[in-house]
Amino acid sequence: MRIDPLYIFPNLFTGASIYLGILAISYAFMGRFTLACWLVLVSLIFDGLDGRVARLTGTTSKFGVEFDSLADVVAFGVAPAMILFFYTGFHYGKFGVVVAGLYVVFGAIRLARFNITTTQNEPNVFIGLPIPAAAVFVVSWLLFEMYLSRIYPHYSYEILLFLMVASLAVSLLMVSNIRYPSFKKMNLERFGFKKIIVFLMLVLAILFIYPIFTIVTLITLYVCFGPSRAMYYLLARRFNKD
């Protein structure tokens with residue numbers, strides 16, 4: 001049986017995402033937490049590329065879909081959970097173990113549900129918080145705490161306690177029915193090419209000057225958007241009934 005070399009190409013990106021996840025866990029175990037967090041963020045780039053490369057080259061396959069899900073469990077499930085646990089979770093005893101464990105289990109459930117319902121859901125929304133977004137939330141807040149603790153060390157305990165509780169909340173959001181916007185099939189034509197370029201240049205400029213603060217702000221707004229939107233519609237329905 002002859003194998004088209006093009007089918008190997010997108011799966012290389014998926015394999016690289018897994019490898020970076022394992023590297024992140026290894027460096028976290030060695031105490032190099034900043035590098036471990038950045039490796040998770042870099043693996044996000046490879047995760048985004050594999051699907052797009054497969055679609056561009058016409059090499060999408062069931063194997064690629066399953067491989068991508070397994071990669072996400074490692075890079076965005078196990079890796080962030082272990083980094084969080086090695087950095088601060090072990091200080092909280094059983095609670096730290098529960099947070100790390102539930103994050104991985106609920107992340108895996110989120111991926112399994114996505115795989116079996118992807119053709120039934122609306123193309124522009126995700127049902128439940130996507131696991132890559134949850135991973136970015138955890139590691140970006142860890143990077144933010146590492147940066148802030150050098151300047152204001154007395155705020156470190158409060159930030160880490162918030163992150164432990166927030167990580168548990170993020171785990172629950174992954175298996176919730178709360179809708180989150182998907183930017184994969186977003187129609188950008190209605191915004192205009194010039195507006196998109198100007199907006200992207202501004203975001204990249206801010207990201208260059210304040211990388212950690214920008215990532216933390218954007219991902220926190222995204223995570224909070226789902227519950228805020230759900231609460232708004234719930235209250236709107238209640239007021240309309242009255």
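Each residue is numbered by its place in its chain's sequence as written, counting from 1. Restriction of local features to residues with pLDDT of at least 70 applies here, the model being predicted, together with a cutoff of 80 or more for giving and counting side-chain atom pairs; totals for whole chains, interfaces and linings are based on all residues. Note that the side-chain values use all heavy atoms of the structure and ignore hydrogens as well as water.

Engineer: Got a minute to help me understand the overall build of the protein in this structure?
Structural biologist: For the protein, the count of helices and strands is eight helices and two strands. Helix numbering and strand numbering both begin at the N terminus, where a helix is a DSSP run of H or I of at least 4 residues and a strand a DSSP run of E of at least 2. Mapped in sequence order, the helices and strands of the protein form the string α-α-α-α-β-α-α-β-α-α. For the exposure calls, accessible area comes from a 1.4 Å probe over protein chains only, and a residue counts as buried if that area is under 20% of its type's maximum, exposed if over 50%, partly exposed in between. Classification of the 242 residues of the protein by burial places 39% in the buried group. Residue contacts are defined here by distance: any two heavy atoms, one from each residue, within 4.5 Å place the two residues in contact. When contacts within the protein are restricted to residue pairs at least 6 apart in sequence, long-range pairs at least 24 apart make up 82% of them. Per-residue and other accessible areas were derived by the Shrake-Rupley procedure at a 1.4 Å probe size, with only the shown protein chains allowed to occlude residues. Summed over all atoms, the accessible surface of the protein reaches about 14600 Å², with 72% contributed by carbon and sulfur.

Engineer: What exactly am I supposed to notice about the packing of helix 4 (residues 94-117) against helix 6 (residues 156-174) here?
Structural biologist: Relative placement of two packed helices is described by the angle separating their axes and the distance separating the axes. Packing of helix 4 against helix 6 brings their axes to within 8 Å, and their N-to-C directions diverge by 25 degrees. By the criterion of interaxial angle, the relationship of helix 4 to helix 6 is roughly parallel. Relative to helix 6, the crossing made by helix 4 is left-handed. Residues F95, G96, V99, L102, Y103, F106, G107, R110 and R113 of helix 4 pack against M164, S167, L168, V170, S171, L172 and M174 of helix 6. Taken together, the residues of the contact of helix 4 with helix 6 break down into ten nonpolar, four polar and two charged. Convention adopted: a line fitted to C-alpha atoms gives each axis, helices being fitted over their contacting stretch, and angles between N-to-C directions are expressed from 0 to 180 degrees. Orientation categories follow fixed angle ranges, with anything under 35 degrees roughly parallel, anything over 145 roughly antiparallel, 65 to 115 roughly perpendicular, and all other angles oblique. Handedness of each helix crossing follows the sense of rotation of the near helix against the far helix: counterclockwise by less than a right angle gives left-handed, clockwise gives right-handed. Note that Gly is not counted as nonpolar here; it falls among the polar residues with everything else outside the nonpolar set of Ala, Val, Leu, Ile, Met, Phe, Trp, Tyr, Cys and Pro and the charged set of Asp, Glu, Lys and Arg.

Geometric values such as these leave the question of function open.
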